[in-house]
Amino acid sequence: MGLFTFKGGVHPYEGKELAMDQAVRELKPGKELVYLLSQHIGAPAKACVAKGDHVLAGQKIADAGGFVSAPVYASVSGTVTGIEKRKNATGGLVDAIIVENDDKYESVTYEAGDPDKLSRDEILAKIREAGVVGMGGAGFPTAVKLAPKDPSVVDHILVNGSECEPYLTSDYRCMLEQPEKIVGGLAIILKLFDAKCKGVICIENNKPKAIEIMKKAVQGHANMSVAVLKTKYPEGAERCLINAITGRTVNSKMLPADAGCVVDNVGTVMAVYDAVKLGKPLIDRVFTLSGDAVKQPGNFLVPVGMSYQEIVDQAGGFKQQPEKMISGGPMMGFALFDLNVPVTKTSGAITAFLKDQVAEAKETACISCGRCLHGCPARLMPCKLADFAEHGDAESFEAYYGLECVNCGSCSYQCPAKRPLAAEINMMRQTVLANKKKQAQAKKKA
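Residues numbered from 1 in each chain as written. Predicted model: local features only at pLDDT ≥ 70, side-chain atom pairs only at ≥ 80, totals over all residues. Heavy atoms only, no water.

Caption draft 1: Focus on unusual backbone geometry. That bond from Tyr233 to Pro234 is cis: its omega, 0°, falls within 30 degrees of zero. Residue position: Pro234 is located in the loop between strand 11 (224-229) and helix 6 (238-246). In this model, Arg379 sits at a positive phi of 60°, which is unusual for a non-glycine residue. One can find Arg379 in the loop between helix 10 (371-375) and helix 11 (382-390). The partly exposed category is assigned to Arg379, whose relative accessible area is 47%. (Helix = DSSP H or I, 4+ residues; strand = E, 2+ residues; numbered from the N terminus. Buried < 20%, exposed > 50% of the residue type's maximum accessible area, 1.4 Å probe, protein only.)

Caption draft 2: Seen up close, the sheet that holds strand 12 (residues 261-265). Strand order in the open sheet made by the 4 strands is 11-10-9-12, with parallel pairing throughout. Each edge of the sheet is formed by a strand with only one pairing partner; in this case those strands are strand 11 and strand 12. When the angles between neighbouring strand axes are averaged without regard to direction, this sheet yields 25°. As defined by bridge partners, strand 9 (residues 156-160) adjoins strand 12 across 5 bridges and the pair is classed as parallel. Its bridge partner lying in strand 12, Leu158 is registered against Val263. Against the sheet, helix 7 (residues 266-278) engages strand 9 and strand 12, with an angle of about 90° to strand 12. (Pairing = 2+ DSSP bridges. Axes fitted to C-alpha atoms, helices over the stretch in contact; angles between N-to-C directions. Contact = heavy atoms within 4.5 Å.)

Caption draft 3: Just the environment of Val144, in detail. By the secondary structure assignment, Val144 is in helix 2 (residues 142-145). For the pair Val144 and Lys444, spaced 300 residues apart in sequence, the C-alpha separation works out to 25 Å.

Caption draft 4: Summary view of the domain arrangement of the protein chain. In terms of domain boundaries, the protein chain breaks down into domain 1 (111-278) and domain 2 (371-445). Measuring from the centre of the C-alpha atoms in domain 1 to the corresponding centre in domain 2 gives 29 Å. With 6 residues of domain 1 in contact, the opposing surface of domain 2 contributes 6 residues. Summed over both partners, the interface of domain 1 with domain 2 buries about 530 Å², with 51% contributed by carbon and sulfur atoms. When residues of domain 1 are sorted by the area they lose upon contact with domain 2, Tyr233, Arg239 and Ser252 head the list and together hold 64% of the total. At the junction of domain 1 with domain 2, the criterion picks out 1 salt bridge. One salt bridge in this structure joins Glu404 and Arg239, with 3.3 Å as the shortest N-O distance. At the surface where domain 1 touches domain 2, the tally comes to 3 residue pairs in polar contact (both at pLDDT 80 or more). Taken together, the residues of the side of domain 1 that touches domain 2 break down into 3 nonpolar, 2 polar and 1 charged. (Domains from an automatic or database assignment. Buried area = accessible area lost by both parts, 1.4 Å probe. Salt bridge = Lys/Arg side-chain N within 4 Å of Asp/Glu carboxyl O. Polar contact = N/O pair within 3.5 Å; in protein donor to acceptor, adjacent residues only side chain to side chain. Nonpolar A, V, L, I, M, F, W, Y, C, P; charged D, E, K, R; others polar.)

Caption draft 5: Broad picture of the environment of Gln320. Looking at where Gln320 falls in the secondary structure, it is placed in the loop between helix 8 (308-314) and strand 15 (324-327). Among residues more than four places away in sequence, those in contact with Gln320 are Ala293 and Leu354.

Caption draft 6: Summary view of helix 3 (residues 170-177). In terms of burial, helix 3 is largely enclosed, as 7 of its 8 residues are buried. Restricting attention to buried positions, one finds in helix 3 the residues Ser170, Asp171, Tyr172, Arg173, Cys174, Met175 and Leu176.

Caption draft 7: Summary view of the sheet that holds strand 1 (residues 25-26). Pairing within the open sheet is mixed, and its 6 strands lie in the order 1-14-13-17-15-16. The open sheet has two free edges, formed respectively by strand 1 and strand 16 (334-335), since each of these has just one partner strand. Of the pairings in the sheet, the one linking strand 13 (residues 284-290) to strand 14 (residues 298-303) comprises 6 bridges and is antiparallel in character. By the bridge assignment for strand 14, Val286 is matched with Leu301. Against the sheet, helix 3 makes contact with strand 13 and strand 14, and its axis sits at roughly 125° relative to strand 13, the strand it touches most.

Caption draft 8: Examining the layout of surface pockets more closely. When its volume is computed, the second largest pocket comes out at roughly 1400 Å³. Considering the residues around the second largest pocket, the lining is formed by 33 residues, among which Pro330, Met331, Val358, Ser412 and Tyr413 are closest to the centre. Here the element with the most residues in the lining of the second largest pocket is helix 14 (residues 421-445); it accounts for 4 residues. In terms of residue class, the lining of the second largest pocket is built from 20 nonpolar, 7 polar and 6 charged. (1 Å grid on protein atoms, 1.4 Å probe; cavity = no way out; pocket = protein on both sides within 12 Å on 5 of 7 lines; lining within 4 Å. Points joined across faces, edges and corners; volume = space filled by probe spheres on them.)

Caption draft 9: Examining the pairing of strand 17 (residues 349-353) more closely. Extensive coverage of strand 17 is indicated by the burial of 5 of its 5 residues. Residues Ala349, Thr351 and Phe353 line one face of strand 17 and the alternating positions Ile350 and Ala352 line the opposite face, and both faces are buried. Where strand 13 lies against strand 17, 3 bridges are found, and the strand directions are parallel. Its bridge partner being in strand 17, Leu289 is matched across the sheet by Ile350. The pairing of strand 15 with strand 17 spans 4 bridges and is classified as antiparallel. Counterpart to Ser327 in the pairing with strand 17 is Ile350.

This is how it looks when you write it as structure tokens:
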């Protein structure tokens, strides 16, 4: 059988050799930890502690602020020193709980559970209460994702182990080092759906060790398998992955569940295991530090709330001050201008480069070569969409299916004219969506 894949995509330099052989190493935070109340899609969490309170590791410090929201937990023991605005990785100011680490790491007692003895509602409640969200970057509350309107239509649970983003290797190391936890988490998720539902762990073929280990791990589980994907970016994008494995298509007006699928990142599945089997909330995650500016690239278990700067310092620092720092990977990450920001549930990596190749590139006129069309996994016309965005032509942007863009950046990567296609398209996409939201709210008021 051939490799699973989708139409379109690109082949950027992978850069994974820098950190893929580095086992996960645990890092300890400094004196101050910052817990943002907005580190997931949906309503911000609401603080349930006050200045001066003593907290333990694993203690809830903020409740979910709504149905689509998630609670926040302390990752260390210490004293709450304030609730104030702090900067996130994109530079925005959001409410945060500040905890002074007492270096004792005293913890609450976790209540282990037996998934086989829990009902569907009880499993979902444990996942919700543990604050589990999508850890691949989106941050959608997992309990909401795992409770679609009609669970009976879901016949595929896809574990996204493709990790197609260049330089990132945290999921790869998790598959090598903790396969039993991934399989255990998948088994728990499968309990939420009909017996016909299959669990598929999806891994690109540039990770032969992970494929071998995960194939051994799923032996004995009749409803689980490993699918080997063609190495190509953005193979791990939700819509691309669904299409590659099932042949089904998901558009911007659909949820994956509408196509019978639920897609969860490797880290998310592990967090489900921790929540249901161990009773442990989401308080830490595996994180990659890589790039040619990094002295010792590696993978680290870091607590939520720890400073990016502390990760860099404990990992050995930079060879010299990088010209470009990115939160995440070079394709879908965003520029970092300050490392004094905290790790959140969705923080996956820092990539740092000696040279800023994007800034050095000089934009020239489009030569109508079609490379952006060839690479686009949504089969769009990025050059046209960018033109509409430049002229503020929202009507034409929509008419040419601009809302179907998955924001992968393949078009910009392919463009020989170095046009910032993805950035222009994404800005217009956000504008159109914001306008639609305003119109919907106006209709409700009317």
